[in-house]
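Examining the three-dimensional arrangement
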Amino acid sequence: MSLKKLSKLDATKNIINKETKLSENDFIISKTDTKGNIIYCNEIFTKMAGYSASELIGANHNLIRHPDMPRLAFKVAWDLIKNKKEFFGYVKNLSKDGGFYWVFTYITADLDLNGKIISYTSVRRKAPQSAIDTIAPIYKLLVDAEKKGGIDASAKILNSYLQENDTTYEELVINLQKGV
Ligand SMILES: Cc1cc2nc3c(=O)[nH]c(=O)nc-3n(C[C@H](O)[C@H](O)[C@H](O)COP(=O)(O)O)c2cc1C
């Protein structure tokens with residue numbers, strides 16, 4: 001008997017405004033196969049997401065995708081990690097009960113001896129409140145733009161925001177983490 005793997009289609013549609021905060025010293029860790037299916041997660045991951053490890057292993061990582069997250073963020077992430085570059089970014093994740101938790105995320109590819117991507121690893125820690133306060137309204141603009149004009153529309157908005165602030169995506173993320 002093969003068990004059905006969970007994906008974002010199985011996540012609750014009942015989104016609630018209930019935030020869970022990560023502790024200062026917590027690290028949420030997961031590994032996926034090359035398609036983003038979870039192959040490892042640590043205990044704090046199961047605690048924050050509200051799923052058991054057996055529900056998570058084999059599930060696509062988009063199970064915890066929150067509707068407030070712009071598609072653009074994941075496009076940026078996948079474009080980088082598929083090219084063996086590191087991704088840093090802020091992610092609002094969806095818990096099983098419909099609540100949410102913010103994280104500062106790092107994702108990178110794991111390579112075999114021949115340099116072939118065999119899996120991906122992600123490490124997340126608490127995002128500073130000041131970073132969340134800055135990024136949440138930007139994500140809202142991007143999500144709204146995507147509803148009307150897709151990812152091209154949100155990319156335009158992000159690029160003009162970066163230009164107006166004379167910064168790059170990488171610089172913005174790092175400065176927000178430093179609380180600048
Ligand atoms: C190692 C790794 C960790 C990821 N962690 C998350 C995460 O915590 N939350 C999330 O929404 N997506 C995460 N993703 C991205 C998902 O694979 C997916 O691209 C995203 O949820 C959007 O899914 P969708 O395009 O099917 O809506 C991760 C991907 C990888 C490779």
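Quick look at the structure, then. All figures in this text were calculated on a predicted structure; none of them were measured in a lab. (Residues numbered from 1 in each chain as written. Predicted model: local features only at pLDDT ≥ 70, side-chain atom pairs only at ≥ 80, totals over all residues.)

1. Considering the nonpolar core
Ranked by size, the top nonpolar core spans 32 residues in total, and within it Ala49, Leu56, Tyr90, Val103 and Ala127 carry the most contacts. Mapped by element, the contributors of at least two residues to this core are strand 2 (38–41), helix 1 (43–49), helix 3 (71–82), strand 3 (87–94), strand 4 (100–111), helix 4 (129–164) and helix 5 (169–178). No other element matches helix 4, which puts 6 residues into this core. (Core = buried A, V, L, I, M, F, W, Y, C linked by C-beta atoms within 7 Å. Buried ≥ 20, exposed ≤ 12 C-beta atoms within 10 Å, placed from the backbone. Helix = DSSP H or I, 4+ residues; strand = E, 2+ residues; numbered from the N terminus.)

2. Thoughts on the site of the ligand
Taken together, 16 residues surround the ligand, and among them Gly36, Asn62, Arg65, Tyr120 and Ser122 come closest. Breaking the shell around the ligand down by element, the ones donating at least two residues are strand 1 (28–32), strand 3 and strand 5 (117–126). Sorting elements by how many residues they give to the shell around the ligand places strand 5 first, with 3 residues. (Near = placed C-beta within 6 Å.)

3. Comments concerning the environment of Lys82
Note on placement: Lys82 falls in helix 3. Through-space distance from the C-alpha of Lys82 to that of Ala109 is 7.2 Å; in sequence the pair is 27 residues apart.

4. Some points on the pairing of strand 4
Note on strand geometry: in a regular strand, side chains alternate between the two faces of the sheet. In this structure, strand 3 lies alongside strand 4, joined through 8 bridges in antiparallel fashion. Within strand 4, the residue paired with Asn93 across the bridge is Tyr101. From the end of strand 3 to the start of strand 4, which pair antiparallel, there are 5 residues, and Gly98 there has a positive phi angle of about 95°. Bridging between strand 4 and strand 5 involves 9 bridges; their strand directions are antiparallel. Residue pairing in the sheet places Tyr106 in a bridge with Val123 of strand 5. (Pairing = 2+ DSSP bridges.)

5. A short note on the pairing of strand 2
Two elements, strand 1 and strand 2, share 3 bridges in a ladder whose sense is antiparallel. Note on strand 2: the bridge partner recorded for Ser30 is Cys41. Remark: 5 residues form the turn of the hairpin made by strand 1 and strand 2, two consecutive strands paired antiparallel; Gly36 in that turn has positive phi of roughly 90°.

6. A short note on the packing of helix 3 against helix 4
Taken N-terminus to C-terminus, the directions of helix 3 and helix 4 make an angle of 45°; their axes are 9 Å apart at the nearest point. In terms of their interaxial angle, helix 3 and helix 4 are classed as oblique. In this structure, helix 3 contributes Arg71, Leu72 and Lys75 to the contact, and helix 4 contributes Leu142, Glu146, Ile151, Ser154, Ala155 and Leu158. Looking at the contact of helix 3 with helix 4 residue by residue, the class counts come to 5 nonpolar, 1 polar and 3 charged. (Axes fitted to C-alpha atoms, helices over the stretch in contact; angles between N-to-C directions. Parallel < 35°, antiparallel > 145°, perpendicular 65-115°, else oblique. Contact = placed C-beta atoms within 7 Å. Nonpolar A, V, L, I, M, F, W, Y, C, P; charged D, E, K, R; others polar.)

7. Remarks on the packing of helix 4 against helix 5
Taken N-terminus to C-terminus, the directions of helix 4 and helix 5 make an angle of 155°; their axes are 10 Å apart at the nearest point. When the interaxial angle is binned, helix 4 and helix 5 end up roughly antiparallel. The interaxial crossing formed by helix 4 with helix 5 has left-handed handedness. Across the interface between the two elements, Ala131, Thr134, Ile135 and Leu162 of helix 4 pack against Tyr169, Leu172, Leu176 and Gln177 of helix 5. Of the residues assigned to the contact of helix 4 with helix 5, the class counts are 6 nonpolar, 2 polar and no charged. (Left-handed = near helix turned anticlockwise from the far one by under 90°.)

8. Thoughts on helix 3
Look at helix 3: 16 Å from first C-alpha to last across 12 residues, which is about the 16 Å you get at 1.5 Å a residue. Restricting attention to buried positions, one finds in helix 3 the residues Leu72, Ala73 and Ile81. Considered in projection along helix 3, the buried side chains sweep an arc of 160° and stay on one side of the axis. Along helix 3, the residues that are exposed and aim more than 90 degrees away from the buried face are Asp79 and Lys82. Looking at the packing, one finds that the buried side of helix 3 touches strand 3, strand 4, strand 5 and helix 4. Looking one or two residues past helix 3, Lys84 carries a phi angle of roughly 65°, positive in sign. (Expected span 1.5 Å × (residues − 1). Arc of directions from axis to C-beta.)

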